[in-house]
Amino acid sequence: MTIAERQAEIIDEFEMFDDWMDKYEHIIELGKDLPLIDSAFKDEEHKIRGCQSQVWLHAAPEGEKLRFTADSDAIITKGLISLMVRVLDDQPATEIAKTELGFIEKIGLHEHLSPTRSNGLRSMVKQMKLYGIAQAAQQNAQANG
Amino acid sequence: MQKTAAKSFPIERIRADFPILQTEMNGKPLVFLDSAASSQKPQQVLDTIEQYYEHDNANVHRGVYALSQRATDAFEAARKTMAAYINAPDEHEVIWVRGCTEGINLVASTYGQRFKTGDEIIVSHMEHHSNIVPWQMLCERTGAVLKVIPVLDNGELDMTAYKELLSERTVFVSVVHVSNALGTVNPVVEICNMAHEVGASVLIDGAQATPHGKVDVQAIGCDFYTFSGHKMCGPTGQGILWGKRALLESMPPYHGGGEMIDKVSFEGTTYNVIPFKFEAGTPNMAGAIGLAAAADYMTSLDLDSIEQYEADLLAYATAEMSKIEGLRVIGTASEKHSVLSFLVGDMHPYDLGTLLDKQGVAVRTGHHCCQPLMERFGIPGTVRASFAFYNTTEDVDRLVSATTRAVKMLS
């Protein structure tokens with residue numbers, strides 16, 4: 001599935017929730033299910049500091065693709081992270097580099113990406129794209145070299 | 001909640017004075033429990049500010065025309081009101097600052113110039129970052145050393161340790177009157193007396209004290225007292241620094257500019273008298289007049305009644321919230337003002353705060369600009385419900401039911 005298809009799938013999935021409680025219960029469940037990051041990567045180097053909650057993100061190249069694992073100390077942040085990982089994990093770096101994550105707004109959770117929330121999520125999305133850009137640049141250099 | 005206090009306090013009339021309290025958040029009637037961060041404003045304050053811009057606006061001081069005179073009169077009358085609010089003996093000791101943060105920075109930057117290597121400045125472990133960082137910056141410049149009064153497990157200051165920290169090396173003590181994160185009311189009279197015994201001056205950060213009851217700087221016996229207007233129903237961007245005349249006169253100016261001078265020449269400039277020496281540039285006139293309106297509003301409600309009403313409300317909130325399984329109150333000092341900081345089990349404050357927001361309950365989560373204090377308690381932060389005199393037992397009930405629901409969802 002492409003990044004766009006995965007986003008569409010999540011939007012579909014969230015359409016069945018008609019009140020905030022169902023929606024958040026689902027996010028909390030997703031947070032609980034998120035496969036944990038290898039504890040070796042839960043360190044300062046992989047920490048994305050938020051004022052309210054902390055996020056840890058690890059990226060590893062696999063061929064032309066990037067694999068992401070992540071964690072957070074807050075369960076709602078973790079649930080939202082799991083959606084980000086679901087969309088961008090195992091995708092080509094070149095695609096990650098140029099993607100726009102519109103699904104968060106479409107499922108009515110864009111408030112969590114607001115800078116005032118300072119939960120680490122906004123920086124995480126930025127960081128995932130940066131990994132994509134760096135990896136794509138490296139692949140480009142290798143192809144040309 | 002004690003029926004007597006609730007009955008005599010005109011809560012319905014008060015709530016009607018605050019337009020924002022009639023609004024909704026996330027489709028539910030707003031329960032505003034974040035007044036420790038910034039309070040809401042009554043119509044009387046909003047009207048005063050509008051009235052000022054519509055009828056009295058002109059730059060203050062030195063104007064030869066009637067409008068400027070009117071603005072100046074209102075501005076200086078506001079200073080007098082604020083002096084009375086904290087029982088300052090002389091209104092010229094009242095300096096307009098942007099807020100508590102600027103008040104502390106002003107003292108650190110000017111009074112602090114006399115400190116030298118090895119001098120000791122004492123703050124406490126429960127200080128807001130704004131009463132830590134300016135002193136750290138001063139220590140870097142002067143070689144003075146920062147000492148920290150520890151906090152006990154119940155959120156009170158360790159006064160025995162404070163006594164031991166005091167010595168002939170102590171030149172300054174800067175302590176919060178009421179903790180923004182825990183609600184602890186500190187024994188400021190004792191703190192001042194003990195500091196004065198070793199010849200140190202004292203600043204009291206009153207940001208969380210002036211919104212909740214009577215403050216008397218003469219009874220406290222401090223040398224400086226500073227607070228923000230926006231936490232006590234006034235507009236943002238306006239606060240007060242009060243200091244004893246002799247000390248203020250001994251201090252160099254803070255910012256240079258217009259108003260703060262006596263005579264300017266390229267050979268040398270002489271400075272204005274207090275308070276103007278510390279008020280460079282065009283002041284926040286609407287802010288000052290608005291803040292005085294807020295002080296008048298609160299005084300008209302009777303500050304002792306406000307204090308009693310809020311004490312009853314906090315007691316009710318503490319009792320009701322404590323019924324939630326796994327909930328622990330952070331900060332259980334014997335004397336507290338209007339702050340209920342809590343955690344439930346190992347649930348993250350961000351998660352609880354988010355789910356309260358969805359139910360129309362506005363609380364603050366996180367470290368409350370008190371990272372050293374959170375570290376002291378070994379927690380990432382707390383959920384903080386803070387109360388003002390416009391909150392009700394119904395607000396508390398909504399907090400309890402919203403928290404109960406959030407806890408259920410997160411369990």
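Remember, it's a predicted structure, so these values are computed and weren't measured experimentally.

Quick notes on the rules
Residues numbered from 1 in each chain as written. Chains lettered and ligands numbered in written order. Predicted model: local features only at pLDDT ≥ 70, side-chain atom pairs only at ≥ 80, totals over all residues. Heavy atoms only, no water. 1 Å grid on protein atoms, 1.4 Å probe; cavity = no way out; pocket = protein on both sides within 12 Å on 5 of 7 lines; lining within 4 Å. Points joined across faces, edges and corners; volume = space filled by probe spheres on them. Helix = DSSP H or I, 4+ residues; strand = E, 2+ residues; numbered from the N terminus. Nonpolar A, V, L, I, M, F, W, Y, C, P; charged D, E, K, R; others polar. Domains from an automatic or database assignment. Pairing = 2+ DSSP bridges. Contact = heavy atoms within 4.5 Å. Axes fitted to C-alpha atoms, helices over the stretch in contact; angles between N-to-C directions. pLDDT = per-residue confidence, 0-100. Patch = residues over 30% accessible without salt bridge, like charges linked within 9 Å, V, L, I, M, F, W, Y side chains within 5 Å. Areas by Shrake-Rupley, 256 points an atom, 1.4 Å probe, with all protein chains shown as cover. Salt bridge = Lys/Arg side-chain N within 4 Å of Asp/Glu carboxyl O. Lys, Arg positive; Asp, Glu negative; His and termini not counted. Charge placed at Lys NZ, Arg CZ, Asp CG, Glu CD. Right-handed = clockwise from strand over helix to strand, strands pointing away. Parallel < 35°, antiparallel > 145°, perpendicular 65-115°, else oblique.

1. Quick word on the layout of surface pockets
Residues and elements named next belong to chain B. Of the voids in this model, the largest pocket is the one considered here, and its volume is about 990 Å³. Surrounding the largest pocket, 41 residues form its lining, Asp34, Ala37, Arg364, Thr365 and Arg384 being those nearest its centre. Contributions of two or more residues to the lining of the largest pocket are made by helix H5 (100-110), helix H13 (349-358), strand S15 (361-362) and strand S16 (364-366). Classifying every residue of the lining of the largest pocket gives 14 nonpolar, 18 polar and 9 charged. A domain split of the lining of the largest pocket shows at least three residues from each of domain 1 (3-32 + 302-410) and domain 2 (47-300).

2. Topic: empty space enclosed by the protein
Residue and element names in this part refer to chain B. Here the structure, examined in full by the defined rule, presents 2 cavities of 30 Å³ or more. Tallied by class, residues from the lining of the largest cavity come to 7 nonpolar, 3 polar and 1 charged. When residues are assigned to domains, the lining of the largest cavity turns out to be shared by domain 1 (3-32 + 302-410) and domain 2 (47-300), each giving three or more. In this structure, the second largest cavity occupies an estimated 40 Å³ of space. As for the second largest cavity, its lining consists of His212, Glu307, Glu310, Ala311, Leu314, Lys336, His337 and Ser338. Grouping the constituent residues of the lining of the second largest cavity by class yields 2 nonpolar, 3 polar and 3 charged.

3. Notes on the sheet that holds strand S3 (residues 65-72) of chain A
All names here are of chain A. Overall, antiparallel pairing links the 4 strands, which are arranged S1-S2-S3-S4 in an open sheet. Bordering the open sheet on either side are strand S1 (47-48) and strand S4 (91-92), each of which pairs with just one other strand. Sheet topology places S1 next to strand S2 (residues 55-62); 2 bridges connect them, and they run antiparallel. Considered in S2, the bridge of Ile48 is made with Val55. Across the sheet, helix H3 (residues 75-88) lies against S2, S3 and S4, angled at about 175° from S3, the strand it touches most.

4. So, the sheet that holds S16 of chain B
Residues and elements named next belong to chain B. Ordered by their spatial adjacency, 4 strands build an open sheet running S13-S14-S17-S16, and the pairing between neighbours is antiparallel. Where the open sheet ends on each side, the last strands, each with one partner, are strand S13 (327-330) and S16. Between one strand and the next, the sheet's axes are offset by a mean angle of 30°, whatever the strand orientation. Taken together, the 3 bridges between S16 and strand S17 (residues 382-386) define a ladder with antiparallel strand orientation. Across the sheet, Arg364 pairs through a bridge with Arg384, a residue of S17.

5. Thoughts on the confidence of the model for chain A
When the pLDDT values of chain A are averaged, the result is 89; 100% of them are 70 or greater. Looking over chain A, one finds the lowest element-wise mean pLDDT in S1 of chain A, namely 86, and the highest in S4 of chain A, namely 96.

6. Quick look at a negative patch on the surface
On the surface, Asp18, Asp19, Asp22 and Glu25 of chain A cluster together into a negatively charged patch. By the secondary structure assignment, Asp19 of chain A is in the loop between helix H1 (3-15) and helix H2 (20-33).

7. Some thoughts on the pairing of strand S6 (residues 145-149) of chain B
Residue and element names in this part refer to chain B. Of the strand pairs in this sheet, strand S5 (residues 120-124) and S6 are connected by 5 bridges, and their pairing is parallel. Bridge pairing in S6 places Val123 opposite Val148. Following the chain from S5 across helix H6 (residues 133-142) to the adjacent parallel S6, one finds a crossover that is right-handed.

8. Regarding the packing of helix H11 (residues 285-301) of chain B against helix H12 (residues 303-321) of chain B
All names here are of chain B. Look at H11 against H12: their axes get within 5 Å of each other, and the N-to-C directions meet at 75°. Taken together, the axes of H11 and H12 are roughly perpendicular relative to one another. Contacts between H11 and H12 involve Met298, Thr299 and Leu301 from the first element and Leu303, Ser305 and Ile306 from the second. Of the residues belonging to the contact of H11 with H12, the class tally is 4 nonpolar, 2 polar and no charged.

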